[in-house]
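Chain and residue survey
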Amino acid sequence: ESERVDLRRWIVHAVRDRDDTPSVTTALTCVALIFLLRFFMGFAMSAAPIESFADVAVNIFVTQTVIILLPAVVLILLFTRKRRLSLLLERLPSIPVFGMTLLLACLMRPVGDQFVVWIQYLYPMSDEMIMIQKEFGGLLEQAPHFLWILFLLAVLPAICEEVTFRGLILSGFRHIGHKWWAIALTSIVFGLTHPIMQQSLAAAIIGLVLGYLAVQTGSLIPCILFHMVYNGLELLTGYLAVHAESILAKYPDLRIVLTSPDESKALE
């Protein structure tokens, strides 16, 4: 009887004797909660058909805020004393750091695209998965404005995922004692939260860059900025590729930017 585990007392003890920053246990608990929420909420969301952009928007919003962000927020509030320190939000980076972050995101975008090419060469997607991605892209085309797509796929993930992974989880894993172990473990977990294997591998690679950026700058803000710009560039290039003709018809002066020299001469 005396050896029986009392969950309520354990939680009270953990809250009362919490540390300044997340522990390894807190980080692992966050990871477990994310996978549990994704497992159980996956059934609920799969029951509702996704037939419009509104359905896609709700699905992405719930995934990012409830499955990814909520566990981190709850654990930070319950089990840490210095929340801003835990999330690397105590200090604002200098202007050169912001500039270098923007440059790094722009330079890493083509590198990330090449990694995707290699990954899909080694592990080709099934025809069913390609069809699902095409249907997803078709539903995104129904967005009333491109800014909605940027918000859902660049801004929202940058905030929610960075707070959770480079905020709470990385802070917890840093108690292991070596920054590279913490960065590597966080990037692996970050990759595993992506549902498609090819996306998981690519996300894990970028997670290494984000983790290193968080540790070296001591701030979460460059990570959010990098993540936002990195995703935004992919969306922007895809948007320009699809809508190049209509954009050129409306803004002909952009022809020199959106077309190659040979194509510009041919059009003239």
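Residues numbered from 1 in each chain as written. Predicted model: local features only at pLDDT ≥ 70, side-chain atom pairs only at ≥ 80, totals over all residues. Heavy atoms only, no water.

Think of an α-helix as 3.6 residues a turn; residues three or four steps apart then line up on the same face. Between the first and last C-alpha of helix 5 (residues 95-122) there are 40 Å, a value that for 28 residues agrees with the 40 Å anticipated at 1.5 Å per step. In the structure, helix 5 departs most strongly from a straight axis at Arg-109, where the bend amounts to approximately 30° and where the proline Pro-110 lies between one and four residues downstream. Listed in full, the buried residues belonging to helix 5 are Thr-101, Ala-105, Met-108, Arg-109, Gly-112 and Ile-119. (Helix = DSSP H or I, 4+ residues; strand = E, 2+ residues; numbered from the N terminus. Expected span 1.5 Å × (residues − 1). Bend = angle between axes of the 7 residues up to and from the residue. Buried < 20%, exposed > 50% of the residue type's maximum accessible area, 1.4 Å probe, protein only.)

On to the packing of aromatic side chains, then. Throughout the structure, instances matching the rule amount to 5 aromatic pairs. Judged by centre distance (5.2 Å) and plane angle (80°), the rings of Phe-39 and Phe-40 are edge-to-face. Note on Phe-39: relative accessible area 49%, which makes it partly exposed. Both rings, one in Phe-165 and one in Phe-190, keep their centres 5.2 Å apart while their planes meet at 65°; by these two values the pair is edge-to-face. With a gap of 25 residues between them, Phe-165 in helix 7 (residues 146-173) and Phe-190 in helix 8 (residues 179-192) connect regions that are remote in the sequence. Taking relative accessible area as the criterion, Phe-165 reaches 0% and is therefore assigned buried. Taking the relative accessible area as the measure of exposure, Phe-190 reaches 3% and is therefore buried. Across from the ring centre of Tyr-230, 4.0 Å away, lies the NZ or CZ of Arg-109, which sits over that ring. Here the guanidinium or amino end of Arg-166 rests over the ring plane of Phe-190, the centre of that ring lying 4.3 Å away. (Phe/Tyr/Trp six-rings, centres within 6.5 Å; stacked < 30°, edge-to-face > 60°. Lys NZ or Arg CZ within 6 Å of the ring centre and 35° of its normal.)

Turning next to the pattern of salt bridges. One side chain can pair with another of opposite charge once the charged atoms of both are near each other. Overall, the coordinates contain 4 salt bridges when judged by the stated rule. Close ionic contact of Asp-20 with Lys-82 constitutes a salt bridge, the shortest N to O distance being 3.9 Å. Residue Asp-20 is found in the loop between helix 1 (7-16) and helix 2 (24-47), and its partner Lys-82 is found in the loop between helix 3 (53-79) and helix 4 (83-86); the two are separated by 62 residues along the sequence. What makes Lys-82 partly exposed here is its relative accessible area of 40%. (Salt bridge = Lys/Arg side-chain N within 4 Å of Asp/Glu carboxyl O.)

Let us now look at the nonpolar core. General note: in soluble globular proteins, nonpolar side chains tend to be found buried as a group. In this structure, Cys-30, Ile-34, Phe-165, Leu-168, Ile-169 and Phe-226 are the most contacted members of the largest nonpolar core, which totals 41 residues. Elements supplying a minimum of two residues to this core: helix 2, helix 3, helix 5, helix 7, helix 8, helix 9 (197-217) and helix 10 (221-250). Broken down by element, this core gets its largest block of residues, 9 residues, from helix 7. Leave out the neighbours within four places in its chain, and Cys-30 touches Pro-71, Ala-72, Leu-75, Thr-164, Leu-168 and Ile-169. Judged by nonpolar contacts, the second largest core, of 12 residues, contains Ile-60, Ile-149, Ala-154 and Leu-235. (Core = buried A, V, L, I, M, F, W, Y, C linked by side-chain atoms within 4.5 Å. Contact = heavy atoms within 4.5 Å.)

Now for the packing of helix 3 against helix 6 (residues 127-140). Put simply, helix 3 and helix 6 touch, their axes get as near as 8 Å, and they point 105° apart. Between helix 3 and helix 6, the angle falls in the class roughly perpendicular. Residues Phe-53, Val-56 and Ile-60 of helix 3 form the contact with helix 6, whose own contacting residues are Phe-136, Leu-139 and Leu-140. Residues of the contact of helix 3 with helix 6, tallied by class, amount to 6 nonpolar, no polar and no charged. (Axes fitted to C-alpha atoms, helices over the stretch in contact; angles between N-to-C directions. Parallel < 35°, antiparallel > 145°, perpendicular 65-115°, else oblique. Nonpolar A, V, L, I, M, F, W, Y, C, P; charged D, E, K, R; others polar.)

Here we take up the confidence of the model for the protein chain. Model confidence for the protein chain is summarised by a mean pLDDT of 86, while 84% of its residues fall at 70 or above. Here helix 12 (residues 261-267) is the element of the protein chain with the lowest mean pLDDT, 50, and helix 7 is the one with the highest, 95. (pLDDT = per-residue confidence, 0-100.)

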